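# Descriptive analysis of the structure
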Amino acid sequence: VLVAIISTCSLVAVSQPVHAAAEPTFVVDPNLTSTDQTYATQIRTAITKAATEYGYTGFTAVIYAPTSEGATWAYNEVNSISCPLGSAASMLSGTATADVFLGRCMVFKAVPISYPNVAKDTESVAFHEMFHLAQASRGGLRAQRARFDDMRWMYEGTAEVAGYQPQITAGKRTQDELIALMRVDATRTSSSLTQVSNAWVDNSILLVSDDRYRNNAMYSRSYLAAYYLTTISTKDKVMNDYFAEAGRSGDHVAAFSTTFGMTVSEYDAKFSAWLTAWTAPITTTTTTTTTTTATVAPKVAPTVSTKKAATLKSVAVFGKMTVPSGATVTAVVASSSKTICR
């Protein structure tokens with residue numbers, strides 16, 4: 001006798017373990033105070049957000065205390081991973097720096113970042129520095145030859161575009177508001193974009209009459225030049241293609257002509273004309289007033305006649321007086337009415 005045995009199997013779906021999104025490698029100064037740690041957390045969050053935005057996490061972020069000891073510690077940390085970012089003195093005087101050639105690291109001083117005069121906060125600085133690493137990853141800064149300093153305006157300007165984008169996306173500022181704000185410092189100098197670029201490494205180049213505005217003038221003019229270029233070309237060419245071409249050719253100046261079909265000087269003339277002529281657009285606000293008419297039945301007054309009496313309560317309620325439940329209403333006839341009313 002053959003007996004058929006039928007087994008019923010229940011299938012249980014086993015989900016794969018969820019892995020956290022990759023983050024950059026963070027190295028944090030062990031000597032941070034509790035206040036420093038608060039700012040370090042804000043900075044770390046902003047860097048992680050920026051890294052996610054650009055899809056590039058293969059770098060080390062060093063966050064250090066705002067002291068000479070902290071700057072020295074950070075200097076030693078980045079040098080230990082073959083990513084020099086300047087002297088300890090420059091780290092102490094600055095706020096943040098990124099490796100613009102190999103895309104390996106960035107450093108941040110654990111301080112509150114808020115510069116209203118140039119609309120910068122922790123997030124905008126994090127996105128700025130992150131874009132420098134993105135530039136390197138796209139090839140633009142791998143080649144360390146052929147007049148890189150002549151094109152600093154392009155590298156700093158596009159990093160500024162990236163830095164301010166979160167504010168525009170979140171609706172914190174409009175593009176026109178940023179242009180108006182940056183134009184204040186950008187028009188303090190009439191220097192060419194090449195001169196502005198070289199001023200980053202040559203302090204003898206005089207850009208502004210008041211040296212207090214030197215850095216703001218360089219960053220603002222570079223930002224507006226990069227932004228305007230996106231309006232007469234495409235944002236993808238400005239933020240991607242140029243850097244890829246610079247990395248391929250090894251010539252940062254020639255890459256501009258190849259990518260945009262004009263020399264830097266030709267573009268500078270167009271940009272200067274636009275910057276001089278720019279005025280904030282006039283916005284017209286139209287207010288629409290909607291009138292709603294509601295029909296309300298009139299409140300009928302109590303009627304009093306020789307044949308019909310009215311309670312004092314009904315008179316009081318008609319007069320919009322509040323009569324609590326159980327209350328007794330009394331009245332006195334005015335002297336002027338005693339001849340006709342009782």
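Look above for the structure.
Let me begin by describing the structure that accompanies this report.

Quick notes on the rules
- Residues numbered from 1 in each chain as written.
- Predicted model: local features only at pLDDT ≥ 70, side-chain atom pairs only at ≥ 80, totals over all residues.
- Heavy atoms only, no water.
- Core = buried A, V, L, I, M, F, W, Y, C linked by side-chain atoms within 4.5 Å.
- Buried < 20%, exposed > 50% of the residue type's maximum accessible area, 1.4 Å probe, protein only.
- Contact = heavy atoms within 4.5 Å.
- Disulfide = S-S within 2.5 Å.
- Helix = DSSP H or I, 4+ residues; strand = E, 2+ residues; numbered from the N terminus.
- Axes fitted to C-alpha atoms, helices over the stretch in contact; angles between N-to-C directions.
- Parallel < 35°, antiparallel > 145°, perpendicular 65-115°, else oblique.
- Left-handed = near helix turned anticlockwise from the far one by under 90°.
- Nonpolar A, V, L, I, M, F, W, Y, C, P; charged D, E, K, R; others polar.
- Salt bridge = Lys/Arg side-chain N within 4 Å of Asp/Glu carboxyl O.
- Expected span 1.5 Å × (residues − 1).

Once that is clear, we can look at the nonpolar core. Generally speaking, nonpolar side chains in soluble globular proteins are found buried as a group. If you look at the biggest cluster of nonpolar residues, it comprises 41 residues, and the most contacted ones within it are Tyr 242, Phe 256 and Tyr 267. Sequence-distant contacts of Phe 256, defined by excluding residues within four places in its chain, comprise Met 151, Trp 153, Met 154, Leu 229, Tyr 242, Gly 261, Met 262, Thr 263, Val 264 and Tyr 267. Counting residues in hydrophobic clusters, the runner-up holds 24 residues, among them Ile 47, Ala 50, Ala 61 and Met 130.

Counted according to the given criterion, the structure contains 1 disulfide. Here Cys 83 pairs with Cys 105 through a disulfide, and the sulfurs are 2.0 Å apart. Across the S-S bond linking Cys 83 and Cys 105, the dihedral sits near -90 degrees, which makes this disulfide left-handed. Of this pair, Cys 83 sits in the loop between helix H2 (68-80) and helix H3 (88-93) while Cys 105 sits in strand E4 (residues 105-109), and the two are 22 residues apart along the sequence. Like Cys 105, Cys 83 is buried.

Relative orientation of the contacting elements helix H9 (residues 235-249) and helix H10 (residues 252-260) amounts to 130 degrees, with a least axis distance of 8 Å. Relative to H10, H9 is oriented oblique. Where H9 crosses over H10, the two elements pack in a sense that is right-handed. Side by side, H9 and H10 meet where Lys 237, Val 238, Asp 241, Tyr 242, Glu 245, Ala 246 and Ser 249 of the first sit next to His 252, Ala 255, Phe 256, Thr 258, Thr 259 and Phe 260 of the second. Classifying every residue of the contact of H9 with H10 gives 6 nonpolar, 4 polar and 3 charged.

The next thing to look at is the environment of Pro 30. By the element assignment, Pro 30 lies in the loop between strand E1 (25-28) and helix H1 (34-54). According to the relative accessible area criterion, Pro 30 is exposed, its value standing at 63%. Separated by 35 residues in sequence, Pro 30 and Ala 65 have C-alpha atoms that sit 8.7 Å apart.

In this structure the tally under the stated criterion is 8 salt bridges. The shortest N-O distance in the salt bridge between Glu 156 and Arg 152 comes to 3.7 Å. Separated by 4 residues within a single helix, Glu 156 and Arg 152 lie in helix H5 (residues 152-169), roughly one turn from each other. Its relative accessible area of 6% is what places Glu 156 among the buried residues.

Taking 1.5 Å as the rise per residue, helix H6 (residues 175-186) with 12 residues should run 16 Å; its terminal C-alpha atoms sit 16 Å apart, in good agreement. In this structure, the buried side of H6 is in contact with H5, helix H8 (214-232) and helix H11 (264-277).

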